[in-house]
Amino acid sequence: MMTLLCAGFGALILTSVHTERTTERNRRSHDANMRAIALLARGELASVHAEPGVAALQMIDPVGRVVAASPNMRERPPMATFVPLEGRMGRTETLCDMPVFAPDCMLVSATLAPRQDGNWIGYAAAPAHPWYVSGRLLGGVLVGSVLLIGFTAAGAYRIVGRALRPVDTIRAQLSKITSTDLGHRVPVPGPRDEIHDLARAVNETLDLLEAALQRERRFTSDASHDLRSPITAMRAQMEEALLHPDEADWPVTFATTLDSLQRLQAIAADLLTLSRLDARCAGTRKPVDVSELVARELDRRLQPLTITRDLAPAVVLGDRIGLVRLLTNLLDNAERHAVSTVAVSVRAEDGQAVLAVSDDGPGIPAEERERVFQRFVRRDDARAKDPSGTGLGLPIARQIAEQHGGTLTAEAAGAADDAEDTERGACFVARIPLCHIPAAP
């Protein structure tokens, strides 16, 4: 950019000086012509001579003869043939084909002198300036431009280098980070600028990556443990039966193995569901009336316990299959822990559809209400009541709610009806934004 600016300013300087010098020489040539015309008026043509800044003079009579000239142009043909334009007294041209001055170009000024016997013309020639005016001027412009460009380049290099030094530090720290070591963080520079924001964004991203990696490692460990248990049980049962085939109760062995296979199948299905949810593979979103969906699911569901319902219209934009899975997981969990009654309610509140599933079981301590949404986490009472459970039902339900822009939380059963909180019963509340459908005209 500085090179372009210097080239532009240099061209402007050279053009301005060239124009000024050319105008000055044209003025001198015109003055010399006017003095020669004055001599012509007094009859003193023999006194015509060149002046400082003027190389040659000639006076041409009306018939085209050279009647007076400076010493260097005597006995030579007219130096030019052009005449001033009609209505004007003077004209200047640049001529480069004058034999007496070859190979230089000359500024030739023609001045008209009207007389009784016709129009006389005076020609005055002065050396034309080259485009660069002079070597000294061109050299000064070039040297000044080179120095200015050099200082600008050095200053820009230093300033940009200092500004980008934190980037090099960030790059060095990032090169130390591997998939097995995400503990490094990049230094955040003091000035609040773009690099400061970049460093903060990088650290936040690294925090998210480390949390995701830890979550995946924990998930893999828990999944391996839960998959290994039924596999180990099946292996032990089959090895024992093969060691004593005559004493083995094969129907019981097959039934026990089938139970383990069913648990493996349930775990695999839940893992597949979680992987799809993690990949944000959402189904088709359509307006769904949550109360109507809950009513249909409850009508077709076998009800070993008393299930009460309190359903009010609440339409959300969601995936019907996903919402059914969310409801099913909450109902299964409630029936597993309930003593005699499960309550299901749907209402619209503060722009959200609120689905609450509560039971009259032992409840969940307040300090564990968030822990139950971790994958493969199962409380002791849940393992005792359902040994074949996977510990993935509630995490799947919460992830479905979050994919619909909502939340799923665990509360005390009394909080669902705004009653006084008690130690008995648990209530899982899903909140999903309502879908506003324009009214029909």
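Here the structure is shown first, and the text comes after it.
Per chain, the residues get numbers from 1 upward, laid out in the order the sequence is written. Local features are withheld for residues below a pLDDT of 70 in this predicted model, meaning they are given only at 70 or higher, and side-chain atom pairs are given and counted only at 80 or more; totals for whole chains, interfaces and linings count all residues. The basis for every side-chain value is the complete set of heavy atoms in the structure, and neither hydrogens nor water enter the calculation.

A.B. asks: How would you explain the pairing of strand β8 (residues 315-318) if you had to name every residue and give the values?
C.D. replies: Only one face of β8 is buried, namely the one carrying Val316 and Gly318, since none of Val315 and Leu317 on the opposite face is buried. For two strands to count as paired, DSSP must find a minimum of two bridges between them. Going along the chain from the N terminus, every DSSP run of H or I of four or more residues is numbered as a helix, and every run of E of two or more is numbered as a strand. Both strand β6 (residues 286-289) and β8 contribute to a ladder of four bridges, which runs antiparallel. Bridge pairing in β8 places Lys286 opposite Gly318. Throughout this description, buried means an accessible area under 20% of the type-specific maximum (1.4 Å probe, protein chains only), exposed means over 50%, and partly exposed covers the range between.

A.B. asks: Please give an account of the side chain of Asn329 that cites residues and values.
C.D. replies: By the element assignment, Asn329 lies in helix α6 (residues 320-337). With relative accessibility at 10%, the residue Asn329 sits in the buried group.

A.B. asks: So what's going on with the nonpolar core? Residues and values would help.
C.D. replies: Membership of the largest hydrophobic core comes to 42 residues, with the highest contact counts inside it found for Val342, Val344, Leu355, Val357 and Phe428. Of all the secondary-structure elements, those providing two or more residues to this core are α4 (250-278), α5 (290-300), α6, β9 (341-349), β10 (352-359), α8 (393-403), β11 (407-412) and β12 (426-433). Considering each element in turn, this core owes the most residues, seven residues, to α6. Not counting chain neighbours up to four residues away, the residues in contact with Leu355 comprise Val294, Leu326, Leu327, Val344, Ser345, Val346, Phe428, Val429 and Ala430. What we call a nonpolar core is a set of buried Ala, Val, Leu, Ile, Met, Phe, Trp, Tyr and Cys residues that are connected through their side-chain atoms within 4.5 Å. Only heavy atoms matter for contacts: two residues are in contact if any of them lie within 4.5 Å across the pair.

A.B. asks: Outline helix α2 (residues 135-175), supporting the account with residue identities and numerical values.
C.D. replies: Here α2 contains 41 residues, and its C-alpha end-to-end distance of 56 Å stays within 8% of the 60 Å for a straight helix at 1.5 Å per residue. Here the bend at each residue means the angle between axes fitted to two seven-residue stretches, the one ending at that residue and the one beginning there. The sharpest bend along α2 comes to roughly 40 degrees, located at Leu164, with the proline Pro166 sitting one to four residues further on. For α2, the set of buried residues is Leu138, Val141, Ser145, Ile170 and Gln173. Here the expected length of a helix is defined as 1.5 Å per residue gap, with one fewer gap than residues.

A.B. asks: Lay out the sheet that holds β12 with the relevant residues and their values.
C.D. replies: Read across the open sheet, the five strands follow the order β7-β9-β10-β12-β11; overall the sheet is mixed. For this open sheet the edge positions go to β7 (306-311) and β11, each flanked by a neighbour on one side alone. The average angle at which neighbouring strand axes cross in this sheet is 15 degrees, direction not considered. Inspection of the sheet shows β10 paired to β12 by seven bridges, in the antiparallel sense. For Ala353, the partnering residue across the bridge sits in β12 and is Ile432. Every axis corresponds to a line fitted to the C-alpha atoms, with the helix fit spanning only the stretch in contact, and the corresponding angles, defined between N-to-C directions, vary from 0 to 180 degrees.

A.B. asks: Lay out a nonpolar patch on the surface in plain terms, naming residues and giving numbers.
C.D. replies: Each patch is built from salt-bridge-free residues with over 30% relative accessible area, joining like charges within 9 Å and nonpolar side chains (Val, Leu, Ile, Met, Phe, Trp, Tyr) within 5 Å. Per-residue and other accessible areas follow the Shrake-Rupley method at a 1.4 Å probe size, with only the shown protein chains counted as cover for residues. Take a side-chain nitrogen of Lys or Arg and a carboxyl oxygen of Asp or Glu: if they are within 4 Å of each other, that pair is a salt bridge. Residues Met1, Leu4, Leu5, Phe9 and Leu12 make up a contiguous nonpolar surface patch of about 600 Å² in total accessible area. Within the fold, Leu4 resides in helix α1 (residues 2-42). Here Leu4 falls in the exposed class, since its relative accessible area comes to 63%.

A.B. asks: So what's going on with the packing of aromatic side chains? Residues and values would help.
C.D. replies: By convention, a stacked pair of Phe, Tyr or Trp rings (six-membered ring in the case of Trp) has centres within 6.5 Å and planes under 30 degrees apart, an edge-to-face pair has planes over 60 apart, and any other such pair is tilted. Inspection of every chain in the model, using the stated rule, returns four aromatic pairs. Pairing Phe82 with Tyr123 gives two aromatic rings, centres 5.8 Å apart and planes at 75 degrees, and the pair type is edge-to-face. Here the residue Phe82 occupies a position in the loop between β2 (66-69) and β3 (90-95), and Tyr123 occupies one in strand β5 (residues 118-127), the gap between them amounting to 41 residues. The same class applies to Phe82 as to Tyr123, namely buried. Taking 5.7 Å as the distance between ring centres and 40 degrees as the angle between the ring planes, the aromatic pair formed by Trp250 and Phe254 counts as tilted. Separated by four residues within a single helix, Trp250 and Phe254 lie in helix α4, roughly one turn from each other. We call a charge positioned over a ring when the NZ of a Lys or the CZ of an Arg lies within 6 Å of the ring centre and within 35 degrees of the ring normal. Its guanidinium or amino end placed over the ring of Phe373, Arg398 lies 3.9 Å from that ring's centre, counting from NZ or CZ.

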